[in-house]
Amino acid sequence: MAARRVSSLLSRSFSASSPFLSRSQGRNLNNGSKIVRRFGTSSAAEEVISPSVQVSHTKLLIDGNFVDAASGKTFPTLDPRTGEVIAHVAEGDAEDINRAVKAARKAFDEGPWPKMTAYERSRIMLRFADLVEKHSEELAALESWDNGKTYEQALTAEIPMLARLFRYYAGWADKIHGLTVPADGNYHVQTLHEPIGVAGQIIPWNFPLLMFAWKVGPALACGNTIVLKTAEQTPLTAFYVGKLFLEAGLPPGVLNIVSGFGATAGASLASHMDVDKLAFTGSTDTGKVILGLAANSNLKPVTLELGGKSPFIVFEDADVDKAVELAHFALFFNQGQCCCAGSRTYVHEKVYDEFVEKAKARALKRVVGDPFKKGIEQGPQIDSKQFEKVMKYIRSGVESSATLECGGGQFGDKGYFIQPTVFSNVKDDMLIAQDEIFGPVQSILKFSDVDEVIRRANDTRYGLAAGVFTKSLDTANRVSRALKAGTVWVNCFDVFDAAIPFGGYKMSGNGREKGIYSLNNYLQVKAVVTPLNNPAWI
């Protein structure tokens, strides 16, 4: 039941009125709507709220200590609301990756972590989860400040899920075991599930803490040591939770955290000869580079969770009002910066016109502004590069003769805010229907029948997720089995329970994260065969 309660914070279903608010809270915020600004109004006169948290950790975590980069270099991490500097963070490079890998190798080969009982490892992870809850407000403020997501989303959804994920994997730590295998002949055969060793992990900027949990949780439960590289845009919360892990009793060198850039720190980690396993979440193009670096070094196994262009299919029997709200959430959640966003909204021709009008109206009501304000639904994009990328795709949509129903421009006059944007009359060959935009841009396409929409939905290089909205069980079953995607949500979207595996088909990656399947990423299977002398039975 606890898992369901937490996962519901990150999902939207038929009955949802807001992903993060109870109905009473929603009414209160609507009644106080004078304090926020809705889409289309300038935010120039509004003061930026100062977060109530201090940035106290900006150095690399290596071998249990916070240290400067070997080069002494730092780089700025920016506030997406303004583009101003929050703090200067240590800029790790190849030498720092070498130091971190050396510490992780020593901790694995000589330290107490792999030799500790699984139960004791689980207790450390549970203590960490308790500390996450104790410091939830500071973590939420840092995450919102560094990333631009709403404080309400971070505090009420993502921080609880962070704690839940580590409790989930703590529960697995003492339940990992091999098998006794019958074999032909007089032999005793057993399989051992052993930790793989030093795991290199590279996390993205859109969900820094949740991606930290998705990777660190199963790796620690299996007894591995870790070198984690943060996204250069969002390093602050990883250092904070690294400090909490030390407080929880994690031995030095088990978890090492390096901030830096992909071309230096990331490439060094991916190609390091003493890293036994690599896990990466990010774009498909970068994933290809990572895979090549791993193959050309020591053939380390690689788990990839990459991009997506997920179809969200609304059938003719749908309740249009509910479908509009769910499709809106599926696309605009987290400023549209979600790998599994429902970014191709296919709507049956019989309800298409009604859907488009209501989708436009919902986007125009979306509340954009400072993510630290109550009632705000959408904050800024992560940085100027992402802002310009999204704006380029909006221009492409207009130039391709898609109908711009609303939005299409910058919101306010500072920071990286973009108006919620809706296109109708979108065709499959348009870039806005093919490429991962990673921003608040909804593309609505028309279809006529089930076979057609299945074919068109699958006609993409991606296969991360999909959504199906229908009252027909037969339609739901048929379409969910036909779609080439790692996750299919039926009459819901973005349900991210700790036990539900997540990963993609095709160029959306390989391997699965979360759930029992993720443990396989961090284990080696060894067969041990021993002769039996005169056995009583075989």
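These lines cover the structure that appears in this document, whether it is placed above or below. Note that the structure is a prediction, hence the values are computed from the model and not measured.

1. Some details on the packing of aromatic side chains
Okay, step 1: In this structure the tally under the stated criterion is 20 aromatic pairs.
Okay, step 2: Between Trp214 and Phe496 the ring centres are 6.1 Å apart and the planes differ by 55°, which places this aromatic pair in the tilted class. With a gap of 282 residues between them, Trp214 in helix H7 (residues 208–221) and Phe496 in the loop between strand S20 (492–493) and strand S21 (509–510) connect regions that are remote in the sequence. Each of the two residues, Trp214 as well as Phe496, counts as buried.
Okay, step 3: Relative to Phe493, the ring of Trp489 has its centre 4.6 Å away and its plane inclined at 50°; by these criteria the two rings are tilted.
Okay, step 4: Trp489 gets classed as buried once you look at its relative accessible area, which sits at 5%.
Okay, step 5: The exposure class of Phe493 is buried, given its relative accessible area of 0%.
Okay, step 6: Through a chain of ring-to-ring contacts, three or more aromatic side chains come together here, namely Trp214, Phe312, Phe469, Trp489, Phe493, Phe496 and Phe502.
Okay, step 7: Its guanidinium or amino end placed over the ring of Tyr393, Lys392 lies 4.7 Å from that ring's centre, counting from NZ or CZ.

2. Side note on unusual backbone geometry
Okay, step 1: Here the phi dihedral of Ser401 falls at roughly 75°; this positive angle occurs in a residue that is not glycine.
Okay, step 2: Counting through the fold element by element, Ser401 comes out in the loop between helix H13 (384–399) and strand S15 (403–406).
Okay, step 3: At Lys506, a residue that is not glycine, the phi angle is positive and equals roughly 50°.
Okay, step 4: Take Lys506: it is sitting in the loop between S20 and S21.
Okay, step 5: For Lys506, a relative accessible area of 40% corresponds to the partly exposed category.

3. Things to note about the pattern of salt bridges
Two side chains carrying opposite charge are able to pair once their charged atoms lie near each other.
Okay, step 1: Applying the stated criterion to the full structure yields 27 salt bridges.
Okay, step 2: The shortest N-O distance in the salt bridge between Glu120 and Arg123 comes to 3.5 Å. Here the residue Glu120 and the residue Arg123 both occupy positions in helix H4 (residues 118–134), the gap between them amounting to three residues, near one helical turn.
Okay, step 3: The class of Glu120 is partly exposed, set by a relative accessible area of 23%.
Okay, step 4: With its nearest N and O atoms 2.9 Å apart, the salt bridge here joins Glu133 to Arg167. Placement of Glu133 in helix H4 and of Arg167 in helix H6 (residues 151–172) is noted, with a sequence separation of 34 residues between them.

Reading the values: rules and limits
- Residues numbered from 1 in each chain as written.
- Predicted model: local features only at pLDDT ≥ 70, side-chain atom pairs only at ≥ 80, totals over all residues.
- Heavy atoms only, no water.
- Phe/Tyr/Trp six-rings, centres within 6.5 Å; stacked < 30°, edge-to-face > 60°.
- Helix = DSSP H or I, 4+ residues; strand = E, 2+ residues; numbered from the N terminus.
- Buried < 20%, exposed > 50% of the residue type's maximum accessible area, 1.4 Å probe, protein only.
- Lys NZ or Arg CZ within 6 Å of the ring centre and 35° of its normal.
- Salt bridge = Lys/Arg side-chain N within 4 Å of Asp/Glu carboxyl O.

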